[in-house]
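Listed below are the residues making up each chain.
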Amino acid sequence: MLVWSRAARRMIWAVGGLVAAIIYGAPIIVIALASIAGHWNGAWPNDFTLRHYGNALTGDSARQLRTSLETGAIASVFAVLSGTWAALALRKIAPLPRRLFDLFFFMPSAVPSVSVGLGLLVAFSQPPVLLNGTTLIVILAHFVLISAFSYGNISAGLARLRPDYEQVAESLGARPAYKLWRVTLPLILPYIVGALSLSFALSMGELGATEMVYPPGWVTLPVGIFALSDRGAIFDAAALTMLLVAGTFAILLALVRISNRATVR
Amino acid sequence: MLTIADRDGAASVAPSATQAAEVAGSSIDFEDVTVSYGGTVVLDRFSLSVAPGEILALIGPSGSGKTTALRAVAGFVRPASGRIRIGEQDITDIPPYARGLGMVVQNYALFPHMRVDQNVAFGLRAQNADPALIATRVGECLELVGMSSFARRYPAQLSGGQQQRVAIARALAIRPRVLLLDEPLSALDAQIRRNMVEELGRLHRDLPNLTVLYVTHDQSEALTLADRIAILRDGRLNAFGPSRSLYQAPTSRFAAEFLGRANLLPVTVSQLDADGVLARVRLGEHSLSVRCELQLAPGHGCLLCIRPHALRLADLPTGNGFRATVETALWQGDTQNVTLRVEGVALNLTVSPSQAMPERGSAVWVDFAPHEATLIADEPAHG
Ligand SMILES: Nc1ncnc2c1ncn2[C@@H]1O[C@H](COP(=O)(O)OP(=O)(O)O)[C@@H](O)[C@H]1O
Ligand SMILES: [Mg+2]
């Protein structure tokens, strides 16, 4: 710590805490309040109701939540699988080509996701690859957007792995596949779980690209939320957002617990 | 290819630790091995033979290429040229997992996600050994290193010395043809290191056929443990020989200084004995007799190498001595350290603490037995 006096440290904590609470907490609190507001004309909701949650759970939204969870799960599992594979494959190549690969992977994150969606739409709306209007194109869009983060996380884990472990394993007679499965992957498991969490969270919140490519039968929750707020149904949108937050949070919590169990030692 | 599993397949009737010792050891041969990293040669036409069942210490300053040599045997660096043989087999092109070697690295590298017993069992499991055999072997190896009661712990729950023992047990469990140790004690503190040196010595008495290539930068570990010592300098073999004789009669200035404190006095050869064992050399006005294993001609300049404890103080001129001036005398409890000056060169000498301390500035006679000193060629000092 740079600051030694106890009073000064408390002061800094208090100020920092307040700023953090405002920046991170205020939007969530406003949304949470909106999701249970009957009317809201002043600085504070006029009355409270659970009607919006009722709407959320009865209408299309339950299906949209499921769609989002499924999209998130499939896209992030694929992102982690291919990210792991890419990180392992690119591990031993020289730094310069490797940088270029990294750059290539991260490009989709640097352009607006709407453009990514548009690009996919244009690319795959004519033969031979006709994905226009399919579920697959949504998952593909999510995959393109999140795979770089999976790759980045996992290659960071591999870079931090001392070569000793794998070399000792090899000298003890472990063939490459055995070594990978019993030593390399378990040792980077926390990074893999981290990549999965990040990918999943990013996918759950993805809107721009999805908006461009989604077919009528595969509406994700963010698309639903956007549609509601577009129509002016702000409170319903807020209730859906809370649902999205809860669903994502539950999954991430489970992943954190897996990760913890993998790193306790 | 003869793997450990193959060899055990024939005789998998619950072998005991003593039977482990009966697996005949293999030799390790480096033949003109050159290794370079991106154009920099770090091992230069290195040749060395490790005999079956011996402990050979490969020592040298940091960066001299010791680890590289060891990793070339293990298969993690590829020689640019030269061959490496284990026993009769040329292993240069064999992948590391098929070499059947035990390797212990500096930081132990115990698998943190496995218990101690799982770590020790790793090699046998990887080679698909019979579960009953694995269980017995893990028990034996943990017993051998005194870690039986820690079998169910995780590495993070062990001290450094304990982790080191487990790492050794893990390497021994596959009945390696040779054991490669890379500075195995350097991460331990001094007291534990001394104990571990003794334990390694005991371990090798229990497994007398095990060939051990022991890499260290600590000359005392090497002198204590090794049958023979090879000294690397800048990727080249600088000196090689049985530990005791290399210490007493180092073959190079570098070896003399690396293996312990050495006095190096510039002398001129005046005469060689007919049998070629002793030579007479001149140190200033003194004529001395000394063992000589070099090919030298009279008139040749070289260095007279004497260990501090091989020198004796005398009051009167004796057969094989010279006169020197006392510069400092330091009492250090179990020894006295005396610094002398002769012909402009400083000279160290240790004497028993009971001996009267010579007076500073006084002239004394210094004496040594001809066979306790040696002649070495002059070469630039290292460092
Ligand atoms: N992977 C590597 N890449 C490039 N140079 C290396 C590598 N490993 C070792 N070296 C260099 O090779 C030389 C010998 O290293 P090493 O065998 O580790 O020495 P030692 O074990 O005797 O300290 C050193 O100069 C070191 O910098
Ligand atoms: Mg080294």
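Definitions and limits used
- Throughout, residues of each chain are indexed from 1 in the direction in which the sequence is written.
- Ligands are numbered from 1 and chains lettered from A, in the order in which they are written.
- Given that this is a predicted model, residues contribute local features only at a pLDDT of at least 70 and side-chain atom pairs are listed and counted only at 80 or more, while totals for whole chains, interfaces and linings are drawn from all residues.
- Hydrogens are left out, water is left out, and the side-chain values use all remaining heavy atoms of the structure.
- Near, as used in this document, describes a residue that has one of its heavy atoms within 4 Å of the molecule or strand being considered.
- Polar contact criterion, stated in full: a pair of N or O atoms within 3.5 Å, where within protein one must be able to donate a hydrogen and the other to accept it, and residues adjacent in sequence count only if both atoms are side-chain atoms.
- We get accessible surface area from the Shrake-Rupley algorithm with a probe of 1.4 Å; when it comes to residues, only the shown protein chains can shield them.
- What counts as a helix is a DSSP run of H or I of at least four residues, what counts as a strand is a run of E of at least two, and both are numbered from the N terminus.
- Residues are sorted three ways: Asp, Glu, Lys and Arg are charged, Ala, Val, Leu, Ile, Met, Phe, Trp, Tyr, Cys and Pro are nonpolar, and all the rest, Gly among them, are polar.
- Residue ranges for the domains originate in an automatic or database domain assignment.
- We call two residues in contact when some of their heavy atoms are within 4.5 Å.
- Summed over both partners, the accessible area (1.4 Å probe) lost when two parts come together is defined as the buried area.
- Throughout this description, the term salt bridge denotes a Lys or Arg side-chain nitrogen within 4 Å of a carboxyl oxygen of Asp or Glu.
- We treat two strands as partners when DSSP finds at least two bridges between them.
- To get an axis, fit a line to the C-alpha atoms, keeping to the stretch in contact for a helix; angles then go from 0 to 180 degrees between the N-to-C directions.
- For every residue, the accessible area (1.4 Å probe, protein chains only) is compared with the maximum for its type, and the residue is labelled buried under 20%, exposed over 50%, or partly exposed between those bounds.
- Here a cavity means grid points, on a 1 Å grid over the protein atoms only, where a 1.4 Å probe fits yet cannot get out; a pocket means an open set of points with protein on both sides within 12 Å along at least five of seven lines; lining residues are those with an atom within 4 Å of a point.
- Grid points are joined across faces, edges and corners, and a volume is the space filled by probe spheres set on the points.
- Stacked, edge-to-face and tilted are the three classes for Phe, Tyr and Trp ring pairs, Trp counted by its six-membered ring, which pair at centre distances within 6.5 Å; planes under 30 degrees apart are stacked, over 60 edge-to-face, the rest tilted.

Asker: Please set out the site of ligand 1 residue by residue, giving values where relevant.
Answerer: All names here are of chain B. The environment of ligand 1 is formed by Tyr37, Val42, Pro61, Ser62, Gly63, Ser64, Gly65, Lys66, Thr67 and Thr68. Within the backbone of Ser64, one N or O atom sits 3.2 Å away from an oxygen atom of ligand 1. Within the backbone of Gly65, one N or O atom sits 3.0 Å away from an oxygen atom of ligand 1. In the complex, the protein chains occlude 55% of the 560 Å² of accessible area that ligand 1 would expose alone. The element best represented in the shell around ligand 1 is helix α3 (residues 66-74), accounting for three residues. Across the shell around ligand 1, the residue classes break down as three nonpolar, six polar and one charged.

Asker: Explain the domain arrangement of chain A residue by residue, including any values.
Answerer: Residues and elements named next belong to chain A. Looking at chain A, the domain boundaries give domain 1 (1-49) and domain 2 (59-264). For domain 1 versus domain 2, the distance between C-alpha centres works out to 30 Å. If you look at the interface, domain 1 gives eight residues, while domain 2 gives five residues. Taking both partners together, domain 1 and domain 2 bury about 550 Å²; carbon and sulfur atoms supply 85% of that area. Three residues stand out in domain 1 for area buried against domain 2, namely Ile31, Ala34 and Ser35, and they jointly supply 60% of the buried area on that side. Put simply, domain 1 and domain 2 have zero salt bridges between them. Between domain 1 and domain 2 we count zero residue pairs in polar contact (both at pLDDT 80 or more) in total. Secondary structure elements with two or more residues in the side of domain 1 that touches domain 2: α1 (6-35) and β1 (37-39). A per-element tally of the side of domain 1 that touches domain 2 places α1 first, with four residues. Its residues assigned to classes, the side of domain 1 that touches domain 2 shows five nonpolar, three polar and no charged.

Asker: Outline the interface of chain B and chain A, listing residues and values.
Answerer: By a widely used convention, the size of an interface equals the accessible area lost when the partners come together. Between chain B and chain A, the contact holds 23 residues from the first and 19 residues from the second. Between chain B and chain A lies a buried interface of about 2,100 Å² when both sides are counted; carbon and sulfur atoms form 67% of it. One can count zero salt bridges joining chain B with chain A. Joining chain B to chain A, the criterion identifies three residue pairs in polar contact (both at pLDDT 80 or more). Elements supplying a minimum of two residues to the side of chain B that touches chain A: α4 (116-126) and α6 (160-173) of chain B. Here the element with the most residues in the side of chain B that touches chain A is α4(B); it accounts for four residues. Among the residues making up the side of chain B that touches chain A, the classes are represented as 16 nonpolar, four polar and three charged.

Asker: Could you give an account of the sheet that holds strand β4 (residues 81-86) of chain B, naming the residues involved and the relevant values?
Answerer: Residues and elements named next belong to chain B. With antiparallel pairing, the four strands of this open sheet are ordered in space as β2-β1-β4-β5. What marks the edges here is a single partner per strand, and that holds for β2 (40-50) and β5 (89-90). Pairing of β4 with β5, which is carried by two bridges, proceeds in the antiparallel orientation. Looking across to β5, one finds that Ile86 is bridged to Gln89. On top of the sheet, α3 reaches β1 (28-37), β2 and β4; it is set at about 115 degrees to β1, its chief contact.

Asker: Please provide a residue-by-residue account of the pattern of salt bridges, values included.
Answerer: Proximity of charged atoms lets side chains of opposite charge pair with each other. Residues and elements named next belong to chain B. Under the criterion given, the structure shown has 22 salt bridges over all chains. Between Asp93 and Arg83 there is a salt bridge whose closest N-O contact spans 3.0 Å. Of this pair, Asp93 sits in the loop between β5 and β6 (102-104) while Arg83 sits in strand β4, placing them ten residues apart in sequence. Between Arg115 and Asp117 there is a salt bridge; the shortest N-O distance is 3.2 Å. Residue classification places Arg115 among the buried residues on the basis of a relative accessible area of 18%. Residues participating in the shared-partner salt-bridge network are Glu31, Arg78, Arg83, Arg85, Asp90 and Asp93.

Asker: Break down the sheet that holds strand β7 (residues 178-182) of chain B for me, citing the residues and quoting the values.
Answerer: Residues and elements named next belong to chain B. The mixed open sheet is built from six strands, whose spatial order is β6-β7-β8-β3-β9-β10. Pairing within the sheet leaves two strands with one partner each, and these edge strands are β6 and β10 (236-242). Within this sheet the neighbouring strands show an average axis-to-axis angle of 15 degrees, counted without direction. In the sheet, strand β9 (residues 228-233) pairs with β10 via six bridges, with the strands oriented antiparallel. In the strand pairing of β10, Leu232 is matched with Leu237. Contacting β3 (55-59), β6, β7, β8 (211-216) and β9, α3 crosses the sheet at an angle of about 150 degrees to β7.

Asker: Describe the layout of surface pockets, naming the residues involved and giving the relevant values.
Answerer: Residues and elements named next belong to chain A. Approximately 270 Å³ is the volume found for the largest pocket. What lines the largest pocket is a set of 18 residues, and nearest its centre among them are Asp60, Ser61, Gln64, Leu228 and Arg231. Those elements that provide at least two residues to the lining of the largest pocket are α2 (51-58), α3 (61-90), α11 (221-231) and α12 (234-263). Within the lining of the largest pocket, the residues separate by chemical class into six nonpolar, eight polar and four charged.

Asker: Describe unusual backbone geometry, and please don't skip the residues or the numbers.
Answerer: All names here are of chain B. With a phi angle near 55 degrees, Asp32 is a residue other than glycine that sits in the positive phi range. Within the secondary structure, Asp32 is located in strand β1. On the basis of relative accessibility, which here comes to 32%, the residue Asp32 falls in the partly exposed class.

Asker: Could you give me a rundown of the packing of aromatic side chains, with the residues and numbers involved?
Answerer: Applying the stated criterion across every chain, the model contains five aromatic pairs over all chains. Taken together, a centroid distance of 6.0 Å and an interplanar angle of 90 degrees make the contact between Phe106(A) and Phe149(A) edge-to-face. In this pair, Phe106(A) is assigned in helix α4 (residues 95-110) and Phe149(A) in helix α6 (residues 135-160), connecting sequence segments 43 residues apart. Taking relative accessible area as the criterion, Phe106(A) reaches 30% and is therefore assigned partly exposed. Relative to Phe46(B), the ring of Phe30(B) has its centre 4.9 Å away and its plane inclined at 70 degrees; by these criteria the two rings are edge-to-face. Taken together, the residues span a long stretch of sequence, with Phe30(B) in strand β1 and Phe46(B) in strand β2 at a distance of 16 residues.

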